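Each chain, written out:
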Amino acid sequence: MKKITQFTLAALLAAPVTIGSLSLPASVSAASASPVVPSASQTAKATTSQTPSIYTESAAGYAQFLQAKYGIQLPQQLTKGDFIQAIAAIIEANQAAVSTEEASDSQTQTPAFTDLSSGDSTYDAAITLHNNGILSGTEVRADETLSTYAAVFIAVKAAGFKELAYTYPEEKTKQTLTKLGINPNRVQGQAAQELAAAIDTGLVPESLYPALRKGGAASADFANILLGRVLTSQGKYKHEIGRSGDADIYSKLYAAYRTADLIEAPELREIVDQALRDDLVTGYNLKDSRFDSNFIDELTLTYGHDDIKHAVQLIGLLRSEGIDADVQFQPKTSAFIYLKEWGEPKETPDYKVTQIENGNYIAYAKEYDIQFEFNNTADKTRFNDIILQYAKKNSDDASALIYASWWQPLYYSPTAVQDYPVIANNKISVGNYYYAQSFSLKENAKGIQEGFRKLAPDADITSYNFWVDQPFFNYLNGESE
């Protein structure tokens, strides 16, 4: 059996049953593997990959995200009620995780709308917006055509800029509107302040300026961009360090890696270390959910490694192959049994050991995961061919590969990809942010989950299937390549 890395996976080679890995959404489907067929929405970003010098999310990109994450799909002819319902869907999804203790008293109030009743489609959404300080009056006018200005007035408050807007003195407001080419007499008072703040904060990007100057009905593209910007302003859009085509992406990768430390999480680590002692698993990873990417599942792949130079070259490889993608860096700590016959382990700031009862050690090594969201499913599918050609070792003297390529590279998808086998992720968490996980063959998942539950009855324990590259699947089956 060939080594995968110098230390972090060496202990797993003797008993390739499970291995820690990276974060996947807990809602990943357990369906059997089948090829991905690109849909029209999945190709919304681009049908042909180019490497732009500056990337700005398009209306189609926002629309794709809104549909995938919130089930929002706006009609071409928009009413104000349509937009109110979309904003409410975002607010309600984001508030779902808020505990009862954290919920404000205003969330239980029912305003007396003069033009809406409980049977109207916009009624519940309007209550949500009212209780979040976005709608203040009793007249909603839900059936009216959505205007560009009404959309902005709702969006600026939903994005969290209301208090900022009302700090605007008259002259500052006038300067912003005049610079944009909007006559200050056209909109006044708090409405003018809200519009000026929306422009200055970037909630309204330059691409929407012409529509604002023109006024009138808001298009679906206009509304989708505003909704996407609302999510961005709330920190609820994609979490990424940049695009693979960004000029500074390499600097951002190095900065992210330098500032990542070994994850401690002592309460959680005590549980999974015992799982190692009991031979329940042969390895696990510690992750921090605050680095989750929030990417669209159908377009996402996760790639794991331990050498940052490899990540830099991987980004360069993708660029050379005409693939551009969103990039998120996720710190990861891998743990495994270090056998005493391997010799005295040498500790570094990124590699620690703890000796256990039988004289062996538990080793903790700094690694990382990179999540990519591709422009389309065709690029996601092509990633496999690129790795197999340029980033997978097949012999000891392999050349023409990127730096530190592995015998069994590790990358996987939360949705089905052609030629990717299905395995299981066994995940356990204690507390708010940190979790541990260990990969296994599907048939071993139930036993691992039950073992975790015996060790920690009160922990949050889940197991779900996902799709992994063939070389790593071979490794789990005890094969060398």
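If you're wondering where the values come from, they're calculated on a predicted model, not measured in any experiment.

## Focus on the confidence of the model for the chain
Reasoning step 1: The predicted model of the chain has a mean per-residue pLDDT of 89, with 86% of residues at 70 or higher.
Reasoning step 2: Contacts from residues 1-44, a stretch scored under 50 in pLDDT, to residues over four places away or in other chains number 144 contacts.
Reasoning step 3: Across residues 46-53 the pLDDT falls below 50, and counting only partners more than four positions away or on other chains, this stretch makes 15 contacts in the model.

## Let's talk about the pattern of salt bridges
Reasoning step 1: Going through the model one piece at a time under the given rule, you end up with 18 salt bridges.
Reasoning step 2: Among the salt bridges present, the one from Asp248 reaches Lys252, with a minimum N-O distance of 3.5 Å.
Reasoning step 3: Given the relative accessible area of 35%, Asp248 is considered partly exposed.
Reasoning step 4: For Asp369, the salt bridge goes to Lys287, with nearest N and O atoms at 2.9 Å.

## A look at unusual backbone geometry
Reasoning step 1: In the Ramachandran plot, Arg141 falls in the positive-phi region, its phi being about 60 degrees despite a non-glycine side chain.
Reasoning step 2: Take Arg141: it is sitting in the loop between α3 (123-131) and α4 (148-158).
Reasoning step 3: For Arg141, a relative accessible area of 42% puts it in the partly exposed group.
Reasoning step 4: One non-glycine residue with positive phi stands out, namely Asp279, at about 60 degrees.

## Notes on the pairing of strand β9 (residues 422-429)
Reasoning step 1: Extensive coverage of β9 is indicated by the burial of 8 of its 8 residues.
Reasoning step 2: Neither face of β9 is left uncovered, since the one carrying Val422, Ala424, Asn426 and Ile428 and the one carrying Ile423, Asn425, Lys427 and Ser429 both have all their residues buried.
Reasoning step 3: Pairing between β9 and strand β11 (residues 460-468): 8 bridges, direction antiparallel. Considered in β11, the bridge of Ile428 is made with Ile461.

## A look at the environment of Lys172
Reasoning step 1: Locating Lys172 in the fold gives a position in helix α6 (residues 170-180).
Reasoning step 2: Lys172 sits 21 residues away from Gln193 along the chain, and the two C-alpha atoms are 8.9 Å apart.

## As for the pairing of strand β5 (residues 325-338)
Reasoning step 1: Summarising burial for β5: 14 of the 14 residues are buried, a large majority.
Reasoning step 2: Direction of pairing for strand β2 (residues 242-243) relative to β5: antiparallel, over a ladder of 2 bridges. Opposite Arg243, over in β5, you have Asp326 as the bridge partner.
Reasoning step 3: Note that strand β3 (residues 283-288) and β5 share 4 bridges and pair antiparallel. Across the sheet, the residue bridging to Leu286 is Thr333, located in β5.

## Some remarks on helix α12 (residues 308-320)
Reasoning step 1: Between its first and last C-alpha, α12 extends 19 Å over 13 residues, near the 18 Å set by a 1.5 Å rise per residue.
Reasoning step 2: All of the buried residues in α12 are Ile308, His310, Ala311, Val312, Leu314, Ile315, Leu317 and Leu318.
Reasoning step 3: Residues of α12 that are buried in the fold lie against α10 (249-258), β4 (300-305), β5, β7 (361-374) and α13 (377-390).
Reasoning step 4: Its side-chain oxygen at 2.8 Å from the backbone nitrogen of Lys309, Asp307 defines the N-terminal cap of α12.
Reasoning step 5: Within two residues after α12, Gly322 carries a phi angle of roughly 75 degrees, on the positive side.

## Points about the environment of Leu268
Reasoning step 1: Mapped onto the fold, Leu268 is located in helix α11 (residues 266-277).
Reasoning step 2: Between the alpha carbons of Leu268 and Ala459 there is a distance of 9.1 Å; along the sequence they are 191 residues apart.
Reasoning step 3: Filtering out sequence-adjacent residues up to four positions away, Leu268 remains in contact with Leu286, Ile428, Ser429, Val430, Tyr434, Tyr435 and Ala436.

## As for the nonpolar core
Reasoning step 1: Phe83, Leu195 and Leu226 are the most contacted members of the largest nonpolar core, which totals 66 residues.
Reasoning step 2: Of all the secondary-structure elements, those providing two or more residues to this core are α1 (59-70), α2 (80-95), α3, α4, α6, α7 (189-200), α8 (209-214) and α9 (220-233).
Reasoning step 3: The element contributing the most residues to this core is α4, with 9 residues.
Reasoning step 4: Contact partners of Phe83, with chain neighbours within four places excluded, come to Leu146, Ala151, Ile154, Ala155, Ala223, Leu226 and Leu227.
Reasoning step 5: Formed by 45 residues, the second largest nonpolar core is a distinct cluster that contains Ile249, Ala311, Phe329 and Phe374.

The rules behind the values
Residues numbered from 1 in each chain as written. Predicted model: local features only at pLDDT ≥ 70, side-chain atom pairs only at ≥ 80, totals over all residues. Heavy atoms only, no water. pLDDT = per-residue confidence, 0-100. Contact = heavy atoms within 4.5 Å. Salt bridge = Lys/Arg side-chain N within 4 Å of Asp/Glu carboxyl O. Buried < 20%, exposed > 50% of the residue type's maximum accessible area, 1.4 Å probe, protein only. Helix = DSSP H or I, 4+ residues; strand = E, 2+ residues; numbered from the N terminus. Pairing = 2+ DSSP bridges. Expected span 1.5 Å × (residues − 1). Polar contact = N/O pair within 3.5 Å; in protein donor to acceptor, adjacent residues only side chain to side chain. Core = buried A, V, L, I, M, F, W, Y, C linked by side-chain atoms within 4.5 Å.

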